[in-house]
Structures are given as C-alpha cells and as structure tokens.
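Topology and contacts: notes
The lines below spell out each chain.
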Amino acid sequence: MTVKRTKIKQIFTEALVDTEVWVQGWIRTRRESKTFAFLEVNDGSTIKNLQIIADQQLPGYADWIKELTTGSCVGIKGKLVPSQGKGQSVEMQAQQVEVYGTADAETYPLQKKGHTLEFLREIAHLRARTNTFGAVYRLRNAMAFGIHQYFQDQGFLYLHTPILTGSDTEGAGEMFAVTTLPLQQIPKNDTGEIDFTQDFFGKPTHLTVSGQLNGETAALALSDIYTFGPTFRAENSNTTRHLAEFWMIEPEMAFYDLTANMDLAEDFLRYLIRIALTQHRDDLDFLTKQYDPDLINRLEFVLNNPFIRITYTEAIDILVSSAKSFEYPVSWGADLQSEHERFLVEEHFASPVIVTDYPKTIKAFYMRQNEDGKTVRAMDILFPGIGEIIGGSQREERYEVLLARIQEMGLSEQDYSWYLDTRRYGSAPHSGFGLGFERLLLFVTGMSNIRDVIPFPRTPGNADF
RNA sequence: UCCUCCUUAGCUCAGUUGGUUAGAGCGGCUGACUGUUAAUCAGUAGGUCCCUGGUUCAAGUCCAGGAGGGGGAGCCA
C-alpha cells in the first residue's frame, strides 16, 4: 500500500469527504448484514471510531470478513462519504482491506460489552484498547505535555534530579533499597552489620522519594526550575490514591514567598484543567457520561473559582465549631485527618481549599518558620475526592534556623552539609511544591482509583506486566 | 499494616432450612435480515462453584487455614 495513512482524528476534524484515505487500526465491532457489513475501527488518535461499510462484492470479502472480529488489526483503503445513518457525519466505503493480525473471538478478553475496571486491571496489557483507557491515556499525555508547556512558557528550567539517591533521611516515606550486594550472602562487617562499603556506591542507596532538595540547589542559581519524573515510596499503602511508583512535578522558585507559591500552584492547575476542557472534550464527555456525571461541572467550577485559603489554625476553629462529630478528635497540633479534610473541602466550603501555616511539629524540617515560633509556611491544596493534591512550602532560607531545626529533629548535619551550603552561600528566600501527577489525573479524568490512571500500576504485592 | 466485604460459565451476577442433572443476562458460535450504532430475531455450545483440609449419608451452601481482589483507615503526592 503506497497511500499515506490518515489518522482517524483527522477524518473527523478536516474536510476529507469525497477523498480516498488509508486508515490503520483495530476493529472494535462488526455488524453483519446479508450483503455487507459495518465495521468500526479505532486507532487511538481519538475516542471516535470510524464506521466503514464493507460490501460483499469486494475482492476476498468472504475470506477477510470472518477475520475482522473485535480486537483484530487492519488497514483499510476507501472513500470517505457523508453518512446515511445517524450517529456520525462521515463514514468510509471500503475498497481494499488488509488484515495484519487476527483476534480469536473465543479467547480475546475484550468483548462488545461493558467490563469492570477491576477486570480490566487484570489485563492491563490490553486495556488501552478500551474507550475508557484510551481517553485516560490521551488525557495523561495532554497533561504531561501541558506541564512542560506551562513551565517553559514561564521561563522555568526543566531539571533532572537523581533517581538513585544516597540520602536516606529525607523523611518523605519508606524507601526502596538499591543494591548490587549478593542477597544470598550479604557481606557483614566486624560488628555484624551489613558491609555497605562493598556495595556499588559504597553506602546504602535508595530510589528517590523526592527531588526537592536537589531542585532547591538549582533554583538557588537558575531562579525557577521544575522536575517531572518517577518517584518511589515503599509504604505498605493500599488505597485508591497511593502507588509505589508514581510521577511527581516539583517546581522550585527563588524569590517566591508562600503567597506567590500558592498563586503559581493555582494558576498552574487551572492552566492544565483548561487544556483538558478545551482540547480533550470528546474524552471528557465520554468519562462524564460513563463514570462521573459531575466531572465536567467540577472541572469548570475549579477553572472559574479561586481556591479558599485558610490557615491551619482557622481550619481547626471551623472543625471545632462545626456540629459534626468526627471519629478522630480535632485539636490544635494534631494533623488533619481525611475526614477533617473532606469536611472542609466537600461540605463546609464545597471548593478546593489551601490550608497554610501548619504546626512545625507535623511538617518537614526544611519549611520556613513563622515569627510565632510554632508554625511553618506550609501549604496543602486539598481537592474534593482526592485529598491532598499538592503539598508545598516556603523553604527555610536562614542558615542558623535551618541548622537548629536539623539538630532539633535529630537529623545528621553531616548528611545535609551540601544542602546547608546553599544557605551558607548566597541564600535566598524561595518556595516550591510537589504535585502528584496521578492525583491530578484522578481529578481530571474522574476516575476513582489511582491504578486506573497509570498504564502499569505498581502497588504492594503487584508489579505485573 | 488494621477494619470490612467479595471470589459460581469468557464477562456481570442469581443459587432457598445442606438434598437428584448448578441457572440467567451479556459475549462466542450457527442461521435469518439491504443502513446498522453495545443492531435485531431464532437456535446452540460453554463449569476445577478460588485453593487445601474438616464436619456430614450428602457441601456451591457449614467450619478452619491459605491465596487473590474491592472499599475504608493510617502514611502521603
């Protein structure tokens, strides 16, 4: 075949009626009549299928029509014509059919019927062939590209931070160990401890849980940077919003205070949501219809309304004075529980909420201390149904204060000497945040399980595919 | 890790106080139909009742242990 392939998305967006085109894709369904058949082909470029009419007069019809079952792969040449039927404006009159790969209807797991998301997770290698996962993966791609576009437009520098890290005390969670030591016979030293001097890096090494500290070093030289890469947490978390391997975006900006940080985060999220609403309406319409009737409304609400900003102390006051009875007691100094966050976001404000200025005792050592000596310049952005989608802070730029905090929390001054150097030499006020990419996708797609917004989810006990 | 629910045909599920040959819808297959839209109509095939052990004359059903999965909680993004 020498004709250039046309993607199905083009057929629906460009005026191609009366032209001959060549499409390649996978059969979604076949409806046979006595003298002809309707085929629906999808090539992933859009959620829409191209309807193709195959007449039995075509050469080889009897041979290939039986092979064109759901899931089979074909190339078809034909003429685009206005559709006689309802449901689509354009369809193709087939002229020539080439079968690349058949799919035995007896064993092919995807049928012309609804499947549960749980079943599709078990066949993650085939689920991209469904409308749902096609839509989700297209949106995932659009959001990833949009993230780079947003930051690049604002003059941010894309920084690659290490995936293998020797600092095991960042406190962001349990870490996966990385080693080349023989696991059958781990070398021990005189005191009976593992002899890491024999390991590849000569010391304990792990997969990164955050690129933030590395990111800060670049922000304190290049002004505005962002990272976007895989992140690993070995927590035994079995929930709809945790993965052992996920992707995280971490911008870090010199000369930003907490307010500027929040302004950026809000503008950033809105930019991404606008892309979804304007450029991927077909996919959102499908997901709204199929899974979440309120999806598009919710996205539009977030686009058009500023997030509520309150301090932790104000949040505690609201929770205490609410008539609501919580399973976990509310008191100043304790972290907000899921039920507390849900109440604020879903009931009290019915809006995304940014909570700031948490007690320093429940936040990380690097967050900037307030004048009250009790709270730090932290901010968590809470979304309905998802909880914390962004966590960030203004960073402690004062050398003495940061050092004191490291000592207070019993962390190793030695391990953080390089980080402290950024405050010893030309320190600057700066801020940043971390956005969980898959949590963003939960919000944008309306999916309710994080395992359904990443192609091959890694969770405790599951690294299949 | 804790709490809770679930596991029966390819998929989604019914299955009575334990009782003969375990059912339905969808999907598959066969046939009918000149415009269908998860086509329609008729027919048909399809079972390790998650695994192991136990109780019983008799277990899909009751008991114990195990495996897998869903939801919630904690941890967090």
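A short tour of the structure in this document, coming up. Because the structure is a prediction, the values reported are computed rather than measured. (Residues numbered from 1 in each chain as written. Chains lettered and ligands numbered in written order. Predicted model: local features only at pLDDT ≥ 70, side-chain atom pairs only at ≥ 80, totals over all residues. Heavy atoms only, no water.)

**Here's the deal with the nonpolar core**
Spelled out, the test is: The term nonpolar core refers to a set of buried residues drawn from Ala, Val, Leu, Ile, Met, Phe, Trp, Tyr and Cys, joined through side-chain atoms within 4.5 Å. Under the scheme applied here, a residue whose accessible area is under 20% of the maximum for its type counts as buried, over 50% as exposed, and between as partly exposed, the area being computed with a 1.4 Å probe on protein chains only. Secondary structure elements follow DSSP: runs of H or I of four or more residues count as helices, runs of E of two or more count as strands, with numbering from the N terminus. Every residue pair with non-hydrogen atoms within 4.5 Å of one another is taken to be in contact.
Grouped together as the largest cluster of nonpolar side chains are 66 residues, with contacts concentrated most on M143 and I381. With 11 residues, the top contributor of residues to this core is helix α6 (residues 258-279). Beyond its immediate chain neighbours, meaning those up to four positions away, I381 contacts A265, L269, F307, V353, I354, G387, E388, I389 and I390. Of all hydrophobic cores here, the second largest spans 28 residues; its members include I316, V353, M367 and L382.

**Brief notes about the packing of helix α11 (residues 399-408) against helix α12 (residues 417-424)**
Just so we agree on the cut-off: Under this scheme, a helix contributes an axis fitted over its contacting stretch, all axes are lines through C-alpha atoms, and angles between N-to-C directions fall in the 0 to 180 degree range. Roughly parallel covers angles under 35 degrees, roughly antiparallel covers those over 145, roughly perpendicular covers 65 to 115, and oblique covers all other angles. When the near helix sits turned anticlockwise from the far one by under a right angle, the crossing is termed left-handed; a clockwise turn instead gives a right-handed crossing. In this classification, the charged set is Asp, Glu, Lys and Arg, the nonpolar set is Ala, Val, Leu, Ile, Met, Phe, Trp, Tyr, Cys and Pro, and all remaining amino acids, among them Gly, are polar.
For the pair α11 and α12, interaxial distance at closest approach is 9 Å and the crossing angle is 155°. Between α11 and α12, the angle is such that the two are roughly antiparallel. Judged by the sense of rotation from one axis to the other, the crossing of α11 with α12 is right-handed. Two secondary-structure elements touch here, α11 through Y399, L402, L403 and I406 and α12 through Y419, L420, R423 and R424. Tallied by class, residues from the contact of α11 with α12 come to six nonpolar, no polar and two charged.

**Here's the deal with the environment of Y271**
As for its placement among the helices and strands, Y271 is situated in helix α6. The class of Y271 is partly exposed, set by a relative accessible area of 22%. In this structure, the C-alpha to C-alpha distance between Y271 and G146, residues 125 residues apart in sequence, is 8.0 Å. Setting aside residues no more than four positions away along its own chain, Y271 makes contact with G146, Q149, Y150 and D153.

**Side note on the side chain of D357**
Just so we agree on the cut-off: Within 3.5 Å is the distance limit for a polar contact, defined as a pair of N or O atoms, with the added protein rule that one can donate a hydrogen and the other accept it, and that residues adjacent in sequence qualify only through two side-chain atoms.
As for its placement among the helices and strands, D357 is situated in strand β13 (residues 353-359). Polar contacts involving the side chain of D357 include one to the side chain of T356, which spans 2.8 Å. The contacts of D357, once residues within four sequence positions are left out, are T311, Y312, N370, T375, V376, R377 and A378.

**With respect to the sheet that holds strand β11 (residues 245-254)**
Convention followed: Note: two strands are recorded as paired if DSSP finds a minimum of 2 bridges between them.
An order of β6-β10-β11-β16-β15-β14-β13-β12 is seen for the eight strands of this open sheet, with the pairing classed as mixed. For this open sheet the edge positions go to β6 (157-158) and β12 (308-311), each flanked by a neighbour on one side alone. Pairing of strand β14 (residues 375-383) with strand β15 (residues 387-394) involves six bridges; the strand directions are antiparallel. Counted as the bridge partner of D380 is G391 from β15.

**Focus: the protein's contact with RNA strand B**
Counted only if it meets this: Definition of nearness: a residue and a molecule or strand are near each other if at least one heavy atom of the residue lies within 4 Å of the molecule or strand.
With respect to spatial proximity, 50 residues lie near RNA strand B, and among them K34, K86, K113, T239 and R439 are the closest. The sugar and phosphate moieties of RNA strand B supply 49% of its atoms located within 4 Å of the protein. Taking H242, its side chain carries an N or O atom lying 2.9 Å from a base nitrogen of RNA strand B. Separating a phosphate oxygen of RNA strand B from a side-chain N or O atom of Q337 is a distance of 2.8 Å. When residues of the surface near RNA strand B are traced back to their parent elements, those giving at least two are β1 (20-32), β2 (36-42), β5 (90-101), α3 (117-122), β11, β15 and β16 (430-436). Its residues placed into classes, the surface near RNA strand B shows 10 nonpolar, 24 polar and 16 charged.

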